[in-house]
Amino acid sequence: MNKAELLGRWTREKSEELYGIKNWGAGYFAISNKGEVLVNPYKDNDSAAISLMDIITGVRERGLDMPVLLRFENLLDSQISYLNDSFNDAIRKLNYKGEYRGVYPIKVNQQQQVVEEVTKFGQRYHHGLEVGSKAELVAALSLMKDKEACLICNGYKDEEFIDLGLYAVKMGFKCFFVIEIPDELDIILERSRALGVKPNIGIRIKLSAKASGHWTESGGDRSIFGLNVSQLISMVDTLKEKNMLDSLKLLHYHLGSQIPNIRDIRSAVLEAARVYTELVKEGASMGYLDLGGGLAVDYDGSNTNYTNSRNYTVEEYCSDIVEAVMTVLDSGNVPHPIIVTESGRTTVAYYSVLLFNVLDVEKFEEYDVPDKVDENASEQIKNLYDVNRNLNLKNIQECYNDALYYRDEIRDMFKHGRISLRERSLSEKIFWNTISQIAREKKKLKHALPDLEDIESAIADIYYCNFSVFQSIPDSWAIDQLFPIMPVHRLLELPRRNAVIADITCDCDGKIDRFIDLHDVRTTLPLHEMKNGDNYYLGIFLVGAYQETLGDLHNLFGDTNVVSVRINADGNYDLVKEIHGDSVADVLSYVEFDPKDMLVRFRATAEEAIRDGLISASERREIMQAYDYGLRGYTYYER
Ligand SMILES: *Cc1c(COP(=O)(O)O)cnc(C)c1O
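All chains use their own residue numbering, which begins from 1 and follows the written sequence. It should be noted that, the model being predicted, local features are given only for residues of pLDDT at least 70 and side-chain atom pairs only at 80 or more, the latter also being counted only at that level, while totals for whole chains, interfaces and linings use all residues. Think of the side-chain values as coming from all heavy atoms in the structure, minus any hydrogens and water.

**Student:** Quick rundown of the overall build of the chain? Include the residues and the values.
**Tutor:** Helix and strand counts for the chain stand at 23 helices and 23 strands. Considering only C-alpha atoms, the chain reaches an extent of 100 × 75 × 55 Å along its principal axes. Only protein chains enter the accessibility calculation, which uses a 1.4 Å probe; a residue is then buried when its area is under 20% of its type maximum, exposed when over 50%, and partly exposed in between. A buried classification covers 54% of the 639 residues belonging to the chain. The contact criterion used is simple: two residues touch if any of their non-hydrogen atoms lie within 4.5 Å. Sequence-distant contacts in the chain: of pairs separated by 6 or more residues, those separated by 24 or more amount to 75%. Helix and strand definitions follow DSSP, with helices as H or I runs of at least four residues and strands as E runs of at least two, each counted in order from the N terminus.

**Student:** Residues and numbers for the site of the ligand, please.
**Tutor:** Residues are labelled near a given molecule or strand when at least one of their non-hydrogen atoms is within 4 Å of it. Around the ligand sit 16 residues, and of these Lys107, Ser257, Glu342, Gly344 and Tyr546 come closest. The separation between an oxygen atom of the ligand and a polar main-chain atom of Gly344 is 2.6 Å. To measure how exposed things are, a 1.4 Å probe is used in the Shrake-Rupley method; for residues, cover is taken only from the protein chains shown. In the complex, 92% of the free accessible area of the ligand, which totals 390 Å², lies under the protein chains. Polar here means any residue outside two lists: the nonpolar Ala, Val, Leu, Ile, Met, Phe, Trp, Tyr, Cys and Pro, and the charged Asp, Glu, Lys and Arg; Gly therefore counts as polar. When its residues are assigned to classes, the shell around the ligand shows two nonpolar, nine polar and five charged. Any pair of nitrogen or oxygen atoms within 3.5 Å is treated as a polar contact; in protein, a donor-acceptor pairing is required on top of that, and neighbouring residues in sequence qualify only through side-chain atoms on both sides.

**Student:** Could you give me a rundown of the layout of surface pockets, with the residues and numbers involved?
**Tutor:** Its volume calculated, the largest pocket comes out at about 1,700 Å³. Only helix 2 (12-19), helix 3 (21-24), helix 16 (421-442), strand 16 (497-502) and strand 19 (521-522) provide two or more residues apiece to the lining of the largest pocket. Within the lining of the largest pocket, the residues separate by chemical class into 17 nonpolar, six polar and 19 charged. Detection works on a 1 Å grid of protein atoms alone, calling trapped sets that fit a 1.4 Å probe cavities and calling open sets with protein on both sides within 12 Å along at least five of seven lines pockets, with lining residues defined by an atom within 4 Å of a point. Grid points are joined across faces, edges and corners, and a volume is the space filled by probe spheres set on the points.

**Student:** Could you give an account of the sheet that holds strand 3 (residues 50-51), with specific residues and numbers?
**Tutor:** In this scheme, strands are said to pair when DSSP sees at least two bridges between them. Strand order in this open sheet of three strands is 1-2-3, and the pairing throughout is antiparallel. Two strands lie at the open edges of the sheet, namely strand 1 (29-31) and strand 3, each paired on one side alone. The pairing of strand 2 (residues 37-39) with strand 3 spans two bridges and is antiparallel. Within strand 3, the residue paired with Leu38 across the bridge is Ser51.

**Student:** Talk me through the environment of Met235; I want residue IDs and the actual numbers.
**Tutor:** Position of Met235 relative to the elements: it lies in helix 10 (residues 229-241). Overall, the relative accessible area of 4% leaves Met235 in the buried class.

**Student:** Tell me about unusual backbone geometry, residues and numbers included.
**Tutor:** With an omega of -5 degrees, the peptide bond running from Met66 to Pro67 counts as cis. Phi at Ala26 takes a positive value of approximately 55 degrees, unusual for a residue other than glycine. Within the secondary structure, Ala26 sits in the loop between helix 3 and strand 1. Positioned with a positive phi, Asp480 is a non-glycine residue whose angle comes to about 55 degrees. Note on placement: Asp480 falls in the loop between helix 19 (474-478) and strand 15 (485-487).

**Student:** Help me get a handle on helix 6 (residues 112-122), residues and values and all.
**Tutor:** Within helix 6, eight of the 11 residues are buried, leaving the element largely enclosed by the surrounding structure. For helix 6, every residue scored as buried is listed here: Gln113, Val114, Val115, Glu117, Val118, Thr119, Phe121 and Gly122.

**Student:** Please provide a residue-by-residue account of the packing of aromatic side chains, values included.
**Tutor:** Any pair of aromatic rings gets described here by the distance separating the centres and the angle formed by the planes. In this scheme Phe, Tyr and Trp rings, the latter by its six-membered ring, pair at centre separations within 6.5 Å, and the angle between planes marks the pair as stacked below 30 degrees, edge-to-face above 60, and tilted otherwise. Taken as a whole and assessed by the stated rule, the structure comprises 19 aromatic pairs. Chaining the aromatic ring pairs together yields one cluster made of Phe87, Tyr100, Tyr312 and Tyr317. Criterion for a charge above a ring: Arg CZ or Lys NZ at most 6 Å from the ring centre, at most 35 degrees from the ring normal. Sitting over the ring of Phe173, Lys147 keeps its end group 5.2 Å from the ring centre.

**Student:** Report on the state of the cysteines, specifying residues and quantitative values.
**Tutor:** For the purposes of this analysis, a disulfide is any pair of cysteine sulfur atoms at a distance within 2.5 Å. Within this structure, the stated rule accounts for zero disulfides. Considering cysteine sulfurs only, Cys175 is the nearest to Cys153, which forms no disulfide, with 3.7 Å between them. Looking at Cys153, the relative accessible area reads 0%, which means it is buried. A relative accessible area of 1% means that Cys175 is categorised as buried.

**Student:** Please set out the sheet that holds strand 11 (residues 288-290) residue by residue, giving values where relevant.
**Tutor:** Taken in spatial order, the eight strands of this closed barrel run 5-6-7-8-9-10-11-12, and their pairing is parallel. Looking at each pair of strands side by side, their axes are set apart by 25 degrees on average, direction ignored. Note that strand 8 (residues 174-179) and strand 9 (residues 201-204) share three bridges and pair parallel. Its bridge partner being in strand 9, Val178 is matched across the sheet by Gly202. Relative to strand 6 (residues 128-131), helix 7 (residues 134-143) is tilted by about 165 degrees, and along the sheet it contacts strand 6 and strand 7 (150-153). Geometry is summarised by axes, namely lines fitted to C-alpha atoms with helices restricted to the contacting stretch, and by angles between N-to-C directions that run from 0 to 180 degrees. In this fold helix 11 (residues 262-281) packs onto strand 10 (248-252) and strand 11, with an angle of close to 165 degrees to the strand it touches most, strand 10.

**Student:** An account of the packing of helix 5 (residues 73-94) against helix 12 (residues 314-331) is requested, with residue identities and associated values reported.
**Tutor:** The geometry of helix 5 relative to helix 12 is characterised by a closest axis approach of 9 Å and an angle of 45 degrees between their N-to-C directions. In terms of orientation, helix 5 and helix 12 fall into the oblique class. With respect to the hand of their crossing, helix 5 and helix 12 are arranged in right-handed fashion. Of helix 12, the residues touching helix 5 (which contributes Tyr82, Leu83, Ser86, Phe87, Ala90, Ile91 and Leu94) are Val314, Glu315, Tyr317, Cys318, Ser319, Ile321, Val322, Glu323 and Met326. Any angle that falls under 35 degrees is termed roughly parallel, while one over 145 is termed roughly antiparallel, one within 65 to 115 roughly perpendicular, and all others oblique. The crossing is said to be left-handed when, going from far helix to near helix, the turn is anticlockwise and less than a right angle, and right-handed when the turn is clockwise.

**Student:** Kindly report on the pairing of strand 14 (residues 461-465), identifying the contributing residues and their values.
**Tutor:** On a regular strand, one side chain projects to one face of the sheet and the next to the other, so that they alternate. Side chains Asp461, Tyr463 and Cys465 of strand 14 all project onto a buried face; the interleaved residues Ile462 and Tyr464 project onto a face where none is buried. Sheet topology note: the strand 13 (residues 352-362)/strand 14 ladder contains four bridges and is antiparallel. Looking at strand 14, one finds that Val361 is bridged to Tyr463. Alignment of strand 14 against strand 16, held across four bridges, turns out to be parallel.

**Student:** Please give an account of empty space enclosed by the protein that cites residues and values.
**Tutor:** What the rule picks out here adds up to three cavities of 30 Å³ or more. A volume near 60 Å³ is recorded for the largest cavity. Lining the largest cavity, in full, are Tyr253, Leu255, Ile259, Ile265, Ala268, Val269, Leu291, Gly293, Tyr317 and Ile321. Where the lining of the largest cavity is concerned, the elements lending two or more residues are helix 11 and helix 12. Residues of the lining of the largest cavity, tallied by class, amount to nine nonpolar, one polar and no charged.

**Student:** Give me the lowdown on the side chain of His254, citing residues and values where you can.
**Tutor:** Along the chain, His254 falls in the loop between strand 10 and helix 11. A polar side-chain atom of His254 sits 3.0 Å from the main-chain amide nitrogen of Gly293.

**Student:** An account of helix 8 (residues 159-170) is requested, with residue identities and associated values reported.
**Tutor:** Each residue after the first adds 1.5 Å to the expected span of a helix. Between its first and last C-alpha atoms helix 8 spans 16 Å; for 12 residues at 1.5 Å apiece the expected length is 16 Å, and the two agree. If you check which residues of helix 8 are buried, you get Phe161, Ile162, Asp163, Gly165, Leu166, Ala168 and Val169. Looking at the packing, one finds that the buried side of helix 8 touches strand 6, helix 7, strand 7, strand 8 and helix 9 (184-195).

See below:
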């Protein structure tokens, strides 16, 4: 600790550095002079920035409780522009002759409002939609208006799906069927004859290029989806035979999501562009090259090829793609196609912020150790005490091992009745005091000792927070994905505590004990001491992609309240839409309880209690009222 920290003179800049907000915030998030997190959709013009604390106050005044998921319309708008402008800049600079047409894959966040806003904000770029199922196609058709935008149909397609897509073509939409398995072609051709509509056919291929990262198993030779080279050629032959090669217009691949390394992206584009060239030479009409998703989000702000990051910018991504496509096609003298990408994660990740309050804290207490232990104490306790007294930087690994050894011995002795509860309590105090000392000494070491890696989280405070990991950030639990987490206020104060976060599901997996860091992964998060009676609010950022519909009803915590915010250029904001989260009755009906039936049953139970003389009739009324409130309440902790 430096002197300023010791004196508690903490600054905004220190908070910025500690929580890395400038690294992962992409210019959208910052800290104000008052030490609060700001959202600024206009990046450069920070007079429009608004404080998350102001929004929290506004939301609470309107009667909505935490947790609340905020969706910022402007950030979605801005990300769509950013992606399109970056591609268009690259196209202009490199003198590419084709165009860019992005599509948004609905599965990344299917909420009606999200899809609607994508189609609205995307219109000026003819930004379209990608669907992977019949339900998504039905949803897309209810919102799409733009006939210039692409509507890409991936996934398995049955007759109903295909008919709907063919009608879309008939109505003038640029709707493509992407063939994922060879058998699909027959049914597409059959339905198109039956309805008299010529289909736009795309083919998804398996590339031999494979990318690293969490979600990338859909690429590579052994990926589940797409045609291999032999299947592709036989499809071309079939189309030729049927005189339908002019319907083959698009080539598609999808390497997987969150690809951290630009080299993987580039080598896939080069391979696909070669296949594209050959298809043109085979006589297919082509015109569209669809490179799928994969554009990663820098969740930890490290700008590296680590899974939660990416070693490239959006601009680099765009110009690398355009340049790679040009290189290959120019050498084959093939006209430049329209480049399509299906970026979902980058489009919506920034859009949503989850806010919640801290309910309680279990502080790690560093117990004092007595000046000496009793002469008659057991050998093991005396030994443990010696370890505690003789600890220094040189022997810290040894002391750590010894402390664990003696603690376990003592616990064993307790089990066998050889020491008392009071002695056991003394030994635990000595043990935890030793661990705290080791954690302090460890900081002075130049090289990390692997055994001591997790020691900070062992002596961390536990902050119990009003949200569910399973409902709101399922990828944190399922694949250990990291999201930026930080307090949204008090950022001019030194955060004196080191904490891990527990949610309210009471499940031992309902916790967060890995946090973003520039060079590594932190096991604790610095947080402020709770002040008596004051609320303390934290935010989890960049949760707009994949988290909302993957979430589940673990312990019956339901959807959170959702508030959509539009920030105006003058720094005012409108709460455009409020969606109340699930009530207890809602989530119970999802698991087939019938709330009306439940009331009837519980009323009968209460009636029995009257009969047994346990409660009075008027008490029954109160009890039934409490039960009814319970059913109608929010599933999270309410004030
Ligand atoms: C999931 C998916 C995407 C979205 O990928 P991101 O990496 O989120 O942009 C795009 N295309 C297909 C076929 C997908 O399955």
